[in-house]
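Below, each chain spelled out in residue letters.
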Amino acid sequence: MSGGTKARGRRPGGGDTRGTVLAAARAEFAAHGYQKASMRAIARGAGVDAALLHHYFGSKDRLFAAALEFPVDPRALVEDVFAGDPATTGERLAAFVLGLWEQPEVRDRLLALVRTAAASEEVAALMRGFMVTELVARVAGQLDADQPELRVELVMSQIVGLAMARYVIAVEPLASAPPEVLAPMLGRTLQGYLTG
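Residues numbered from 1 in each chain as written. Predicted model: local features only at pLDDT ≥ 70, side-chain atom pairs only at ≥ 80, totals over all residues. Heavy atoms only, no water.

1. Remarks on the environment of Arg 44
Part 1: Mapped onto the secondary structure, Arg 44 falls in helix α2 (residues 39–46).
Part 2: Along the backbone, Arg 44 and Glu 149 are 105 residues apart, and their C-alpha atoms lie at a distance of 34 Å. (Helix = DSSP H or I, 4+ residues; strand = E, 2+ residues; numbered from the N terminus.)

2. Comments concerning the packing of aromatic side chains
Part 1: Under the definition given, this model contains 3 aromatic pairs.
Part 2: Seen from their ring centres, Phe 64 and Phe 130 are 4.5 Å apart, and the 25 degrees between their planes marks the pair as stacked. Taken as a pair, Phe 64 in helix α4 (residues 60–67) and Phe 130 in helix α8 (residues 121–140) lie far apart in primary sequence, 66 residues in all.
Part 3: Taking 4.8 Å as the distance between ring centres and 15 degrees as the angle between the ring planes, the aromatic pair formed by Trp 101 and Tyr 167 counts as stacked. (Phe/Tyr/Trp six-rings, centres within 6.5 Å; stacked < 30°, edge-to-face > 60°.)

3. Quick look at a nonpolar patch on the surface
Part 1: Residues Val 160, Met 164, Ile 169 and Val 171 make up a contiguous nonpolar surface patch of roughly 330 Å² in combined accessible area.
Part 2: Among the secondary structure elements, Met 164 is positioned in helix α9 (residues 148–168).
Part 3: Judged by relative accessible area, which is 31%, Met 164 ranks as partly exposed. (Patch = residues over 30% accessible without salt bridge, like charges linked within 9 Å, V, L, I, M, F, W, Y side chains within 5 Å. Areas by Shrake-Rupley, 256 points an atom, 1.4 Å probe, with all protein chains shown as cover. Salt bridge = Lys/Arg side-chain N within 4 Å of Asp/Glu carboxyl O. Buried < 20%, exposed > 50% of the residue type's maximum accessible area, 1.4 Å probe, protein only.)

4. Examining the pattern of salt bridges
Part 1: Evaluated as defined, the whole model comprises 3 salt bridges.
Part 2: One salt bridge connects Arg 128 with Glu 121, and the closest N-O pair in it is separated by 2.8 Å.
Part 3: Residue classification places Arg 128 among the partly exposed positions, given a relative accessible area of 45%.

5. Overview of the nonpolar core
Part 1: One finds Leu 63 and Leu 77 to be the most contacted residues of the largest nonpolar core, which totals 59 residues.
Part 2: Take this core: its biggest share by element is 9 residues, from α8.
Part 3: Not counting residues up to four positions away in its chain, the partners in contact with Leu 63 are Val 21, Leu 22, Ala 25, Phe 29, Met 39, Ile 42, Leu 53 and Phe 57. (Core = buried A, V, L, I, M, F, W, Y, C linked by side-chain atoms within 4.5 Å. Contact = heavy atoms within 4.5 Å.)

6. Brief notes about unusual backbone geometry
Part 1: For the bond running from Glu 172 to Pro 173, omega is 10 degrees, close enough to zero to count as cis.
Part 2: A positive phi is found at Gln 147, a non-glycine position, where the angle reads about 50 degrees.
Part 3: For Gln 147, the position within the fold is in the loop between α8 and α9.

7. Comments concerning the confidence of the model for the chain
Part 1: Looking at the chain as a whole, its pLDDT mean stands at 84, while 91% of the residues score no less than 70.
Part 2: Helix α7 (residues 104–119) is the least confidently modelled element of the chain, averaging 78 in pLDDT, while helix α10 (residues 179–195) averages 95, the highest of any element.
Part 3: Segment residues 1–13 is flagged for pLDDT under 50; beyond a separation of four residues in sequence, or across chains, it makes 15 contacts in the model. (pLDDT = per-residue confidence, 0-100.)

8. Some words on α4
Part 1: Taken across its 8 residues, α4 has 6 buried, putting it largely inside the fold.
Part 2: Within the sequence span of α4, burial applies to Lys 60, Asp 61, Leu 63, Phe 64, Ala 65 and Ala 67.
Part 3: After α4 finishes, the residue Glu 69 shows a positive phi value of roughly 55 degrees.

9. Brief notes about helix α3 (residues 50–57)
One turn of an α-helix holds 3.6 residues; hence residues three or four places apart share an orientation.
Part 1: Here α3 has its buried residues at Leu 52, Leu 53 and Phe 57. The buried side chains of α3 occupy one side of the element, clustering within an arc of 105 degrees when seen end-on.
Part 2: Its side-chain oxygen placed 2.8 Å from the backbone nitrogen of Ala 51, Asp 49 serves as the N-cap of α3.
Part 3: Taken from the residues just after α3, Gly 58 is the one with a positive phi, measuring 85 degrees. (Arc of directions from axis to C-beta. Polar contact = N/O pair within 3.5 Å; in protein donor to acceptor, adjacent residues only side chain to side chain.)

Pasting the structure below:
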């Protein structure tokens, strides 16, 4: 290539391409919401080939999770929680959730998301779209009960309420109760929502 002629075409991977893709993804999700954002549009915004997004992230839900630094892979949650006796799913879910929140680096990211979603309708809408499409639908598909989506959303309301009371407001004795004490109690409530 000679004297000032610029290369044409898509930028290959490398350098801070991942960071550029994440920035483009945040902009696309913010502009169009989770459901309407497309991998192709994100690739265009980042100046890369769409195949590179699939190479780095695999799928739109994983790209979204990375862009918003969402620390939970919905697929892993469903696989971990629903692999076992259906009668104890609630307790496994409670243990999974408490296990996440008890990790300081994960807790910091979850708290940032909860606080941002509470203060910003734009972020709340993004989270809602992601949760409904990727989490509620996945979990509801595992349930053999009437109104599965409503049941999953009740479970989510319980988990968000616990997070607010334990980790944001720090209500005692809930804030200092050991996770192994909370998991069975919370698990019974979640089980009731899932199968009761």
